[in-house]
Each structure stands twice: as C-alpha cells, then as structure tokens.
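# Working through the structure, step by step
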Amino acid sequence: MPDKQRIHTPSRRTLLKGASAMAAFAALGRFPSPAIAQGAPIKIGFMLPYSGTYTKLGKYIDHAFRLNVEEKGGKLGGRTVEYVQVDDESEPAKATDNMNRLVAREKVDVVVGTVHSGVAMGMVKVARDANALLIIPNAGANAATGPMCAPNIWRTSFSNWQPGFPMGKVMYDAGHRNVMTITWRYAAGQEMVDAFKENYTKAGGNIVEELYVPFPQVEFQALLTRIATQKPDAVFSFFAGGGAVKFVKDYAAAGLKNSIPLYGTGFLTDGTLEAQGADAEGIKTTLHYADDLDNPANKAFIAAFKKKTGEDADVYAVQGYDTATLLDIGLKAAGGDVAAREKMYAAMQAAKIDSPRGPISFSKANNVVQNVYLREVKGGMNRYVSIAHAALADPARGCKLAS
Ligand code: PHB
C-alpha cells in the first residue's frame, strides 16, 4: 500500500529526525514518503502454501527470496526488509480473506504470492481493487497477465500457457500421433493441457481422451487403468509437488512406464526427483529451467541455495530468487519509495535479468519472457536437452496493457 495510507504515531524525536531528513531530500529535489525518511523497513507479505501438497514449493520460494535479500546485505532497493507470512493452504475459498489481511490489516508494501492458480486469481482481484503491488512467484493462471492484467500485477514465474505450448511440437516431432492427457481439474491443469493441445493439434496430432482428477486428490488408479486400456502413443500430464511424486510412482507401478511414455510440463519432475527415484528416469518435460543450465548465475545460485538450506535448488527456488531481483530493480529506480509507482514500473518493464534460468525480461502484460527448455531426467537430475522455444512470451490474450 502507498505509505500515505499508513497511520503513523511517531514520537517527537523521530518526527524531528524525519523532518531533517525530509529537508535533506527536498534539497536534492526529491520528496520521499515519511516512512523512507525515517528509515522504516519495506514490509513484504508472503502469501504462500506452507501446508498441503504444495508446501515444498512455497518454502523454496520463501527461502530463495530471503537468500537474495541476504546477498544484498538484508536490503532491497536500499531499504531493510520486514516479512509477514500467511499460509494460504492452496485454498481458493480463503484467498480473499488472506489477501485482505496482508493488504488492509498488515498494510504490507508488496505482496509476494502465490503457488496455486485459483488462489492467485482471488489475490489478483483484491490487488486490482486496492491498487496493491502484487508479484506472483509461481501461479500460472493465464488471466493474471491476460484479461485481469494491471500495472500493479507482475509475474516472475510463467503463465500456464508458456511451459505447455512447446510440448505440443516436441511430442508430435517425437512421432506420437495419438495422445492422452491427465491432470488435476483446476485452472493450472486445464490451461497447461489447453496450451499443449493448441500446438499439438495444430501440428496434426490427435487427442484420444482428456482425464481429470479433483485437486489435490491423488487416487490415480482408475485413470491409469483407463490409459492402459486405451493404449495411446504417449501421455501428457501436469502434476506438481506431493501429487507429482505420487503420480510418477503410480504410473511406474501400474506397469505403464516402459510401454506408454510419460511427458509433462516440468513441474512433474521438478523438486520431486529425490522422492520419485528411478521411477522418474527418462521422463521428458518442458520448463523454463533445467538443473544443469550452464550459466554463471545458475552455478552461483545452486551453490548459495545449498549453503543456506542444505537442499538442492529447483524451479520454484529460482522463481523466488528472481522475484527479489525484480523488486530490487524497481525499488532502486524509485529511491526505495514504493509510492513512486511510475518510476518503479518503468524500471521493472525495462529489466533484463541474468537469471539462473537464462536471460529474462518482461512483456507489456508484466509477464516474464523466457526460454522454455526440453529436459530429460537422467541420474536424478532434470538435464538440459535443447531449447524447445526461445524467448517465449505469453500471448497475453485479453490484456489491455498489451494491445
Ligand atoms: C498453479 O496452480 O498455477 C501451479 C501450481 C504448481 C505448479 C505450477 C502451477 O508447479
């Protein structure tokens, strides 16, 4: 929220300190909001899943964002940082209340969230109404940077369309002509399947059948039997987190691994390989990251994340890390003043970041533009195979900022 909407009850001393700082800034021709003059920290609200099937995803976004801030001496845009956390439970019905709590009650300067597309849509509505700055570090809901796009809504991760679309060509080129799809029935699954289908059917491929499971259920048996009966050439899927671990293991246990190749967006095997073990070997996916991307930013990031957490980085960690980088760029341009929105947004629009995932920039719809890689699981790693689609921008269908 803009600082002017805060209620301050400063002491006489801090008022005096603030006044002299204001005078100094005024001499430079700039009038920062009182919070900055008083050296107040920037308040960041994390609205992420800290429980449920997406717990690990939320935690890695959180850890990597903080890592980035620590690397900057505990500051973003020159200001110290204070965090507030809310567990959104990947529960869309609670999204509005949770978001209001951060924006209206906690009066955070920026909201960073979330993982689940349905929850993100609730957040986007509140952010639009309140003109609150929202940076989405995962959830791919196309509408967030499509019909619901706004100057104050940014996304550092992907739109659901982005990792799904290139796989249509990859699977067609691999010779698969009759494919089944399987996913959770909610925006992320539906939109990734739709993007895959768009490209796959354009190439001439045939969709045999689409299968859906309610989110976050993991009872796959009946649907795996259906796949075995239909015998498609291959399967395209989206699952993530704990659900992806179970799906990949069940697919192998059903005896399908060696007869019907399993593909998906890279979430199927990202951050999950330790738990999936041999059952994930050989799975090919498309995503905007691969573990062994050979660039200095990736090498440094993987090492720093390991040092901080003792864990291996994944795509969610990369997204959390890049979220802090983007915010730092915006805040620096605004002299640390979140109320100086135009300066912030102009700098964020112009940002060119050397991310661990490769070069990224931002579209007019405020969605990330990035390479989408084909990867294959080998030796417990998502290894780079090729660039499936270079510098891919979401089409931003329905976004007024983009037209
Ligand atoms: C989403 O709901 O948008 C979502 C969740 C988890 C992922 C990817 C997308 O890994």
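Residues numbered from 1 in each chain as written. Predicted model: local features only at pLDDT ≥ 70, side-chain atom pairs only at ≥ 80, totals over all residues. Heavy atoms only, no water.

## With respect to the packing of helix α12 (residues 315–333) against helix α13 (residues 341–350)
- Axis separation between α12 and α13 bottoms out at 7 Å; the angle between their running directions is 135 degrees. One way to sum up the angle between α12 and α13 is to call them oblique. Crossing of α12 against α13: the hand is right-handed. Mapping the contact onto sequence places Leu326, Leu327, Ile329, Gly330, Leu331 and Ala333 in α12 and Lys343, Met344, Ala347 and Met348 in α13.
- Counted by class, the contact of α12 with α13 contains eight nonpolar, one polar and one charged residues. (Axes fitted to C-alpha atoms, helices over the stretch in contact; angles between N-to-C directions. Helix = DSSP H or I, 4+ residues; strand = E, 2+ residues; numbered from the N terminus. Parallel < 35°, antiparallel > 145°, perpendicular 65-115°, else oblique. Left-handed = near helix turned anticlockwise from the far one by under 90°. Contact = heavy atoms within 4.5 Å. Nonpolar A, V, L, I, M, F, W, Y, C, P; charged D, E, K, R; others polar.)

## Digging into the side chain of Thr265
- With respect to the helices, strands and loops of the structure, Thr265 is situated in strand β10 (residues 262–265).
- Its relative accessible area of 0% is what places Thr265 among the buried residues.
- Not counting chain neighbours up to four residues away, the residues in contact with Thr265 comprise Pro163, Gly164, Met192, Phe236, Ser237, Phe238, Thr285 and Thr286. (Buried < 20%, exposed > 50% of the residue type's maximum accessible area, 1.4 Å probe, protein only.)

## Remarks on the nonpolar core
- Membership of the largest hydrophobic core comes to 78 residues, with the highest contact counts inside it found for Ile227 and Leu327.
- With near-sequence residues (within four places) excluded, Leu327 lies in contact with Ile44, Phe65, Leu76, Val110, Leu133, Ile135 and Met344.
- Membership of the second largest hydrophobic core comes to 25 residues, among which are Met123, Val124, Ala127 and Ala132. (Core = buried A, V, L, I, M, F, W, Y, C linked by side-chain atoms within 4.5 Å.)

## A closer look at the packing of aromatic side chains
- The full count for this structure, using the stated rule, is 26 aromatic pairs.
- Ring geometry for Tyr54 and Trp184: centres 6.0 Å apart, planes at 75 degrees, overall edge-to-face. With Tyr54 in the loop between β1 (42–48) and α3 (55–71) and Trp184 in strand β7 (residues 178–184), this pair connects stretches of sequence that are 130 residues apart.
- By relative accessible area, which is 0% here, Trp184 ends up buried.
- Relative to Phe215, the ring of Tyr54 has its centre 5.4 Å away and its plane inclined at 40 degrees; by these criteria the two rings are tilted. (Phe/Tyr/Trp six-rings, centres within 6.5 Å; stacked < 30°, edge-to-face > 60°.)

## With respect to the sheet that holds strand β2 (residues 75–76)
- In spatial order, the strands read β2-β3-β1-β4-β5-β6; together these six strands make up an open sheet with mixed pairing. The sheet terminates laterally at β2 and β6 (153–155), the two strands that pair on one side only.
- Relative to strand β5 (residues 133–136), strand β4 (residues 110–112) runs parallel, the two sharing three bridges. Paired with Val112 across the two strands is Ile135, which belongs to β5. (Pairing = 2+ DSSP bridges.)

## Here we look at the site of the ligand
- By nearness alone, 17 residues border the ligand, and Ser117, Gly140, Tyr186, Ala240 and Tyr316 come closest of all.
- Ser117 is positioned with one of its side-chain polar atoms (N or O) 2.6 Å from an oxygen atom of the ligand.
- In this structure, Gly140 approaches the ligand through a main-chain N or O atom, which is 2.9 Å from an oxygen atom.
- Of the residues belonging to the shell around the ligand, the class tally is twelve nonpolar, five polar and no charged. (Near = heavy atom within 4 Å. Polar contact = N/O pair within 3.5 Å; in protein donor to acceptor, adjacent residues only side chain to side chain.)

## Some details on the environment of Pro147
- Looking at the element boundaries, Pro147 is found in the loop between β5 and β6.
- By relative accessible area, which is 53% here, Pro147 ends up exposed.
- The spacing of Pro147 and Cys399 is 252 residues in sequence and 4.6 Å in space, taken between C-alpha atoms.
- Apart from the residues lying within four places of it in its own chain, the contact partners of Pro147 are Arg128, Arg397, Gly398 and Cys399.

## Let's talk about the state of the cysteines
- All told, the structure shown has one disulfide when counted by the stated rule.
- Put simply, Cys149 and Cys399 are joined by a disulfide, and their sulfur atoms are 2.2 Å apart. Its S-S torsion of approximately 85 degrees makes the covalent link between Cys149 and Cys399 right-handed. Taken together, the residues span a long stretch of sequence, with Cys149 in the loop between β5 and β6 and Cys399 in the segment after β15 (381–392) at a distance of 250 residues.
- Overall, the relative accessible area of 8% leaves Cys149 in the buried class.
- Here Cys399 falls in the buried class, since its relative accessible area comes to 4%. (Disulfide = S-S within 2.5 Å.)

## Some remarks on the pattern of salt bridges
- Overall, the coordinates contain 17 salt bridges when judged by the stated rule.
- Ionic pairing is found between Asp294 and Lys299, a salt bridge with its closest N-O pair at 2.5 Å. Across the pair, Lys299 and Asp294 agree in class, each one exposed.
- Sharing partners across several salt bridges, the network here consists of Asp194, Lys197 and Glu210. (Salt bridge = Lys/Arg side-chain N within 4 Å of Asp/Glu carboxyl O.)

## Let's talk about unusual backbone geometry
- The residue after Gly113, namely Thr114, is reached through a cis peptide bond having omega -5 degrees.
- Note that Thr114 resides in the loop between β4 and α5 (117–130).
- Looking along the chain, the bond that leaves Phe215 and enters Pro216 is cis, with omega of 0 degrees.
- A positive phi angle, close to 50 degrees, is found at Ser90, a residue other than glycine.
- Assignment of secondary structure puts Ser90 in the loop between β3 (79–87) and α4 (95–105).
- The phi dihedral of Asn131 falls on the positive side, at around 50 degrees, and the residue is not glycine.
- Mapped onto the elements, Asn131 comes out in the loop between α5 and β5.

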